[in-house]
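Listed here are the chains, written in short residue letters.
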Amino acid sequence: TSPGLESAPAKADVARPEDTTPGPNVSQCSNNESATPVKRRYKILLVLLCVWLFAMLATLPELIAVWPERTAVRQAFSDYADALVHQKFEEAYKYQSPEFQERVSFDSFVQYQRDVQAKFGALKSVKQEGMAVQKWRKPSRWGATILADLQYEKAKVRVTFELHRENGRWTIFSSSGREM
């Protein structure tokens, strides 16, 4: 340094009275800083929970309405399947929807059942594997999908059945299957 000029001490070397006053220490600052993202996460979680709760409350009437319909669908399908297994084709045909009956005569329905039996053997059992029931709002109508395994003497066929509720009664609208 030049004579007559003193170098100023570095900031860290200078002790100031305000540096010795009590205050938050370093660990308290970092906790406060990390608490902000945690609080934000909780707020986001709370908002998501509220949205989910609102959605559940909005759909609650439909969820309540679906429950008894599931029982009715299950029973209608079970009766239809029993009729097929016992080759009571007239009874099974009654479970077909009016649209199906308009397109397919009873004789054609019976002939189709006989053709399937000629290929796979007699139908031994029908096992329901899955079911979904839903109500559409516009137009207001009910629908169901059932996935079932039809066990014949020579093969198992997985079939998807579409059911509609018409005039308070569940009927089979369509079906499609594939050999497993």
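Every chain begins its residue count from 1, and numbering advances along the sequence as written. Local features in this predicted model are restricted to residues whose pLDDT is 70 or higher, and side-chain atom pairs enter the listing and the counts only when it is 80 or higher, whereas totals over whole chains, interfaces and linings include all residues. As a rule here, side-chain values come from all non-hydrogen atoms in the structure, and water together with hydrogens is ignored.

Participant: With reference to specific residues and values, describe the side chain of E69.
Facilitator: Secondary structure elements follow DSSP: runs of H or I of four or more residues count as helices, runs of E of two or more count as strands, with numbering from the N terminus. Of note, E69 is situated in helix 1 (residues 26–85). A simple rule labels every residue: compare its accessible area, found with a 1.4 Å probe on the protein chains alone, to the largest value its type can have, and call it buried under 20%, exposed over 50%, or partly exposed in between. Here E69 falls in the buried class, since its relative accessible area comes to 13%. Contacts are assigned to residue pairs that have any heavy atoms within 4.5 Å of one another. Among all residues touching E69, those that are not within four sequence positions of it are V133, W142, R165 and W170.

Participant: Can you break down the sheet that holds strand 2 (residues 141–152) residue by residue, with the values?
Facilitator: Backbone-to-backbone hydrogen bonds pair the strands of a sheet. The strands run either parallel or antiparallel. Reading across the sheet, the four strands line up as 1-2-3-4 and stay open at both edges, with antiparallel pairing between neighbours. Of all strands in the sheet, those with a lone pairing partner are strand 1 (123–136) and strand 4 (169–179), marking the two edges. Put simply, the sheet's adjacent strands are angled 20° from each other on average, direction ignored. By definition, two strands form a pair when at least two bridges between them are found by DSSP. Between N-to-C directions, angles span 0 to 180 degrees; the directions come from axes that are lines fitted to C-alpha atoms, helices contributing only their stretch in contact.

Participant: So what's going on with the pattern of salt bridges? Which residues, and what values?
Facilitator: Opposite charge on two side chains makes pairing possible when the charged atoms of those side chains draw close. Basic side-chain nitrogens of Lys or Arg form a salt bridge, by our definition, when they fall within 4 Å of a carboxyl oxygen of Asp or Glu. Summed over the entire model, instances satisfying the criterion amount to four salt bridges. The salt bridge involving K124 is made with E153; its shortest N-O contact spans 3.6 Å. Here K124 is found in strand 1, whereas its partner E153 is found in the loop between strand 2 and strand 3 (156–166), with 29 residues between them in sequence. Judged on exposure class, the residue K124 and its partner E153 are both exposed. R158 is paired through a salt bridge with D149; the nearest N and O atoms lie 2.6 Å apart. Relative accessible area serves as the criterion here: at 6%, D149 is assigned to the buried category.

Participant: Quick rundown of the confidence of the model for the chain? Include the residues and the values.
Facilitator: One confidence number per residue, pLDDT, is output by the predictor and ranges from 0 to 100. When pLDDT is averaged along the chain, the result is 82; 73% of the residues meet or exceed 70. In the predicted structure, residues 1–8 sits below a pLDDT of 50 and forms one contact with residues beyond four places in sequence or in another chain. This model gives residues 26–30 a pLDDT under 50, and the stretch forms two contacts once residues within four places in sequence are excluded.

Participant: Mind laying out the nonpolar core, listing which residues take part and the relevant values?
Facilitator: Definition of nonpolar core: a set of buried residues of the types Ala, Val, Leu, Ile, Met, Phe, Trp, Tyr and Cys, connected through side-chain atoms within 4.5 Å. Of all hydrophobic cores here, the largest spans 32 residues; its most connected members are V73, Y80, F109, I146, F161, L163 and W170. Contributing elements (two or more residues each) for this core: helix 1, helix 2 (89–94), helix 4 (106–120), strand 1, strand 2, strand 3 and strand 4. The biggest single contributor to this core is helix 1, with seven residues. For F161, the residues in contact, after removing those within four places along its chain, are F77, Y80, A144, T145, I146, A148, L150, I172, S174 and S175.

Participant: Lay out a nonpolar patch on the surface in plain terms, naming residues and giving numbers.
Facilitator: Patches draw on residues past 30% relative accessible area with no salt bridge. Two like charges within 9 Å are joined, as are two nonpolar side chains (Val, Leu, Ile, Met, Phe, Trp, Tyr) within 5 Å. Calculation of accessible area relied on Shrake-Rupley with a 1.4 Å probe; when residues are assessed, cover is drawn exclusively from the protein chains displayed. Taken together, L46, L49, W52, L53, M56 and L57 make up a surface patch of nonpolar side chains, about 610 Å² in accessible area. For L49, the position within the fold is in helix 1.

Participant: Could you give an account of the pairing of strand 2, naming the residues involved and the relevant values?
Facilitator: One ladder, built from twelve bridges, connects strand 1 with strand 2; its direction is antiparallel. Directly across from W136, in strand 2, lies its bridge partner R141. With nine bridges connecting them, strand 2 and strand 3 associate as antiparallel partners. Bridging across to strand 3, A148 finds its partner in V159. Hairpin geometry of strand 2 and strand 3 is characterised by an intervening segment of three residues between the two adjacent antiparallel strands.

Participant: Can you lay out helix 4 for me, pointing to particular residues and giving the numbers?
Facilitator: Between its first and last C-alpha, helix 4 extends 21 Å over 15 residues, near the 21 Å set by a 1.5 Å rise per residue. Every buried residue of helix 4 is accounted for by F109, V110, Q113, V116, Q117 and F120. The arc that holds the buried residues of helix 4, viewed along the axis, is 120°, so those residues lie on one side. Looking at helix 4, the residues exposed on the side facing more than 90 degrees away from the buried face are D107, A118 and K119. Backbone geometry just downstream of helix 4 places G121 in the positive-phi region, at approximately 95°. Multiplying 1.5 Å by the helix residue count minus one yields the expected span of that helix. Working definition: the arc comes from the directions between the helix axis and the C-beta atoms, pointing outward to the latter.

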